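Descriptive structure summary
What follows is each chain in one-letter form.
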Amino acid sequence: MNYDEFNTEYTKVLDKIKSGKCSWSELSGHVTRLRQSTAGITAPVERGQIDSDLAALSQMVDLSRRTNDKEDVWTVTSEAIRRASSQEGTVADRIGRIEASINDITALANRNPDERDALMQSTSTLRILHSSLQSSLRSERAEQEAAAVR
C-alpha cells in the first residue's frame, strides 16, 4: 500500500465513523488492517502522517467504545479531524481549518467532562500538524521575501 492508497482507505474509515453504522469492534479491525497495510511505508513525512492519522483513529475507536449512549463525540471528532486533515487550499487555509477543528473538539470536551481527557488527547495530532504547517508557512513567507529583495 502506498500513501495515496492509505489516504483513500483512511477517508473510508472516517466515513464509516461519520455514518455511525459501524461498531467500534469493526472500526478497530479497520484500524488494525490499515496499520498492517502501511508497515512498508517508510518515507519520514508519509510515515509521520500515517502514524498520526492511525493514532487519531485509534483514539476515536476507543472513545466510541466508551460513549455509546452519550453525545456522539465519535462523529463530531471524526468530522473535525477530517476537515483538519484535508490537504485542500493554501497552507493558511489548512491552518485555519485545523484551528477550527481544535476549537470544535475542545468545545465538545467541555460538554462531555467524562471524556475530556480522551477528547483533548485527540487534538494532539492536530496540534502537531498545526505546528508543522506553521513552520512551512514561515518558510514560504521567508522565501517570498527573499525573492522580492532580489
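The following paragraphs examine the structure supplied in this document.

Rules and cut-offs
Residues numbered from 1 in each chain as written. Predicted model: local features only at pLDDT ≥ 70, side-chain atom pairs only at ≥ 80, totals over all residues. Heavy atoms only, no water. Salt bridge = Lys/Arg side-chain N within 4 Å of Asp/Glu carboxyl O. Helix = DSSP H or I, 4+ residues; strand = E, 2+ residues; numbered from the N terminus. Buried < 20%, exposed > 50% of the residue type's maximum accessible area, 1.4 Å probe, protein only. Phe/Tyr/Trp six-rings, centres within 6.5 Å; stacked < 30°, edge-to-face > 60°. Expected span 1.5 Å × (residues − 1). Arc of directions from axis to C-beta. Contact = heavy atoms within 4.5 Å.

The subject of this paragraph is the pattern of salt bridges. Scanning all chains against the criterion turns up 6 salt bridges. The partner of K12 in a salt bridge is E9, and the shortest N-O contact between them spans 3.3 Å. Here K12 pairs with E9, and both are found in helix α1 (residues 3-19), just 3 residues apart, close to one helical turn. With a relative accessible area of 43%, K12 lands in the partly exposed category. For the salt bridge of E9 with R33, the shortest nitrogen-to-oxygen distance reads 3.7 Å. Of this pair, E9 sits in helix α1 while R33 is found in helix α2 (residues 24-37), placing the two residues 24 residues apart along the sequence. Members of the salt-bridge network, linked through shared partners, are E9, K12 and R33.

A separate point is the packing of aromatic side chains. According to the stated counting rule, one finds 2 aromatic pairs in the structure shown. Residues Y3 and F6 carry aromatic rings whose centres are separated by 6.0 Å and whose planes lie at 40° to one another, so their mutual orientation is tilted. Of this pair, Y3 and F6 both sit in helix α1, 3 residues apart, roughly one helical turn. A relative accessible area of 11% means that Y3 is categorised as buried.

On to the environment of G89, then. When you line up the elements, G89 lands in the loop between α4 (73-85) and α5 (91-111). In this structure the C-alpha to C-alpha distance between G89 and L119, which are 30 residues apart in sequence, comes to 26 Å.

Attention now moves to α5. Over its 21 residues, α5 extends 30 Å from the first C-alpha to the last, a length consistent with the 30 Å expected when each residue adds 1.5 Å. Within α5 the residues assigned to the buried category are V91, R94, I95, I98, S101, I102, I105, L108 and A109. Projection of α5 onto a plane perpendicular to its axis shows the buried side chains occupying an angular sector of 145°, all on one side. Residues of α5 that are buried make contact with α4 and α6 (116-149).

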